[in-house]
Amino acid sequence: RCLSDWSSDVCSSDLQCLIGIAAAKLATKRAAATAIGLTGFFGYLSTVVSGWGLGTLVERHGWDAGFLGLLIVAGIGTVLFIAAWPAKADGYEAT
């Protein structure tokens, strides 16, 4: 049970925290809080939408389509992270 609780925590809240840190590092000082808030908002919103969407997909087309959908979404996320990778750190001009 302890390992299950630990892995659940690591796989959800810690990763969400890292996304917030990444957003803050890419935003300017004035927009950092907004960037963190938006990542949190869309993180929770995506949980609702993905639960409904994946459930509907699996009910109508089976688990093969569900796993294919998850792979497609993971691929899109990977491409978006790769596109953001070369972004300038901190979003600030060097002085």
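In this text the structure is predicted, and so the values were computed from the model without any measurement. (Residues numbered from 1 in each chain as written. Predicted model: local features only at pLDDT ≥ 70, side-chain atom pairs only at ≥ 80, totals over all residues. Heavy atoms only, no water.)

Caption draft 1: Quick look at the overall build of the protein. Helix and strand counts for the protein stand at three helices and zero strands. Relative to its 95 residues, the protein shows a buried fraction of 9%. Within the protein, residue pairs in contact and separated by at least 24 positions form 55% of the contacts whose partners lie at least 6 positions apart. Roughly 7,800 Å² of accessible area belongs to the protein as shown, and the carbon and sulfur atoms make up 72% of that amount. (Helix = DSSP H or I, 4+ residues; strand = E, 2+ residues; numbered from the N terminus. Buried < 20%, exposed > 50% of the residue type's maximum accessible area, 1.4 Å probe, protein only. Contact = heavy atoms within 4.5 Å. Areas by Shrake-Rupley, 256 points an atom, 1.4 Å probe, with all protein chains shown as cover.)

Caption draft 2: Molecular detail of the packing of aromatic side chains. Here the structure, examined in full by the defined rule, presents two aromatic pairs. An angle of 75 degrees between the planes, with centres 5.1 Å apart, marks the rings of Phe41 and Phe42 as edge-to-face. A centroid spacing of 5.4 Å and a plane angle of 35 degrees characterise the contact between Trp63 and Phe67, whose relative ring orientation is tilted. Of this pair, Trp63 and Phe67 both sit in helix H3 (residues 63-84), four residues apart, which is roughly one turn of that helix. We classify Trp63 as exposed; its relative accessible area is 51%. Among the residues examined, Phe67 registers a relative accessible area of 48% and is labelled partly exposed. (Phe/Tyr/Trp six-rings, centres within 6.5 Å; stacked < 30°, edge-to-face > 60°.)

Caption draft 3: Representation of helix H2 (residues 32-61) in the model. The end-to-end C-alpha separation of H2 is 41 Å, in line with the 44 Å expected for 30 residues at 1.5 Å each. If you check which residues of H2 are buried, you get Ala32, Ala35, Gly40 and Val58. One or two steps after H2, the chain reaches Gly62, where phi turns positive at roughly 90 degrees. (Expected span 1.5 Å × (residues − 1).)

Caption draft 4: Region of the structure containing the packing of H2 against H3. In the contact formed by H2 and H3, the axes pass within 7 Å of each other and the chain directions differ by 145 degrees. Contact residues: Leu54, Leu57, Val58 and His61 in H2; Trp63, Ala65, Gly66, Gly69 and Leu70 in H3. When its residues are assigned to classes, the contact of H2 with H3 shows six nonpolar, three polar and no charged. (Axes fitted to C-alpha atoms, helices over the stretch in contact; angles between N-to-C directions. Nonpolar A, V, L, I, M, F, W, Y, C, P; charged D, E, K, R; others polar.)

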